[in-house]
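# Structural overview for review
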Amino acid sequence: MGRATAVIAFCVLLSGAAAAQTTAPEVCTRPSAPLIPERAAPGLTLGQLIALHDARDAYVAAADQYRLCLDRDIEQRRDAMFRANAPLDPVLDLRAREHSDISAERAHLMGRFVLMCLSWEDANGIAYPRGCYLPG
């Protein structure tokens, strides 16, 4: 009788651990891209350029976190689907498209900033002290 109780307790422990591993899908919040023109507006000050640079950097960091969140959600959904031997989860395709869309938006915004920054340098005849390109 003691052995049966131990087996039941072990099974309950395992089922509790399995339930703990099954978590709700992560909620990923897409960041809003800042408005960055392709060319520097006449009279754009260094301070305004720095503010646009900071907005670009904040967006890039937020977009990267969003992509990581999507990756985790995709992995959780895929693993749950395989564990349950369930049909393909249609949300997987949506998350993959979201990942692709935010990657394209991120790249486009970075390119726009470079063009705008270079046009600012041309208009002012000086180099932007922080550099127009993303470091790294």
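Up top is the structure.
Reference entry: report on the structure contained in this document. Quick caveat, the model's predicted, so the values are computed rather than measured. (Residues numbered from 1 in each chain as written. Predicted model: local features only at pLDDT ≥ 70, side-chain atom pairs only at ≥ 80, totals over all residues. Heavy atoms only, no water.)

Secondary structure summary: the protein contains three helices and zero strands in total. In the protein, which comprises 136 residues, the share counted as buried stands at 24%. The contacts in the protein between residues at least 6 apart in sequence include a share of 74% that link residues at least 24 apart. (Helix = DSSP H or I, 4+ residues; strand = E, 2+ residues; numbered from the N terminus. Buried < 20%, exposed > 50% of the residue type's maximum accessible area, 1.4 Å probe, protein only. Contact = heavy atoms within 4.5 Å.)

Within the secondary structure, glutamate 121 sits in helix H3 (residues 90–124). Buried and without a salt bridge, glutamate 121 has arginine 56 as its closest oppositely charged side chain, separated by 11 Å. Of note is the side chain of glutamate 121, whose polar atom sits 2.8 Å from the backbone nitrogen of tyrosine 128. In this structure glutamate 121 touches Ile126, Ala127, Tyr128 and Cys132, once residues within four positions along its chain are discounted. (Lys, Arg positive; Asp, Glu negative; His and termini not counted. Salt bridge = Lys/Arg side-chain N within 4 Å of Asp/Glu carboxyl O. Polar contact = N/O pair within 3.5 Å; in protein donor to acceptor, adjacent residues only side chain to side chain.)

All right, on to the packing of helix H2 (residues 46–84) against H3 then. Their axes nearest at 9 Å, the elements H2 and H3 cross at an angle of 165 degrees. If you check the angle between H2 and H3, you find them roughly antiparallel. As H2 packs across H3, the resulting crossing turns out to be left-handed. Its residues placed into classes, the contact of H2 with H3 shows 20 nonpolar, three polar and 11 charged. (Axes fitted to C-alpha atoms, helices over the stretch in contact; angles between N-to-C directions. Parallel < 35°, antiparallel > 145°, perpendicular 65-115°, else oblique. Left-handed = near helix turned anticlockwise from the far one by under 90°. Nonpolar A, V, L, I, M, F, W, Y, C, P; charged D, E, K, R; others polar.)

Turning our eyes to something else, we now look at the pattern of salt bridges. Think of it this way: side chains of opposite charge can pair up when their charged atoms draw near. Scanning all chains against the criterion turns up 13 salt bridges. We note a salt bridge from aspartate 57 to arginine 130, for which the minimum N-O separation is 3.9 Å. Of this pair, aspartate 57 sits in helix H2 while arginine 130 sits in the segment after H3; the two residues are 73 residues apart in sequence, bridging distant segments of the chain. With relative accessibility at 28%, the residue aspartate 57 sits in the partly exposed group. For arginine 130, a relative accessible area of 38% translates into the label partly exposed.

This model, assessed by the stated rule, comprises one aromatic pair. Considering the side-chain rings of tryptophan 120 and tyrosine 128, the 6.2 Å spacing of their centres and the 80 degrees angle between planes classify their relative orientation as edge-to-face. A single burial state applies to tryptophan 120 and to tyrosine 128, both of which are buried. Just above the ring of phenylalanine 113 sits the side chain of arginine 56; from NZ or CZ to the centre is 4.6 Å. (Phe/Tyr/Trp six-rings, centres within 6.5 Å; stacked < 30°, edge-to-face > 60°. Lys NZ or Arg CZ within 6 Å of the ring centre and 35° of its normal.)

One turn of an α-helix holds 3.6 residues; hence residues three or four places apart share an orientation. Across its 39 residues, H2 extends 57 Å between first and last C-alpha, which sits within 8% of the 57 Å expected from 1.5 Å per residue. Backbone geometry just after H2 places asparagine 85 at a positive phi near 50 degrees. (Expected span 1.5 Å × (residues − 1).)

Turning our eyes to something else, we now look at H3. In this model, H3 (35 residues) spans 52 Å end to end at C-alpha, consistent with the 51 Å of a helix rising 1.5 Å per residue. Its side-chain oxygen placed 2.9 Å from the backbone nitrogen of valine 91, aspartate 89 serves as the N-cap of H3. Glycine 125 sits one or two positions beyond H3 and adopts a positive phi of about 70 degrees.

On to the nonpolar core. Soluble globular proteins tend to bury their nonpolar side chains together. Membership of the largest hydrophobic core comes to 16 residues, with the highest contact counts inside it found for Leu49, Phe113, Met116 and Tyr128. Elements represented by at least two residues in this core include exactly H2 and H3. Setting aside chain neighbours within four positions, we find methionine 116 in contact with Ile36, Pro37, Glu38, Arg39, Ala40, Leu44, Leu49 and Leu52. (Core = buried A, V, L, I, M, F, W, Y, C linked by side-chain atoms within 4.5 Å.)

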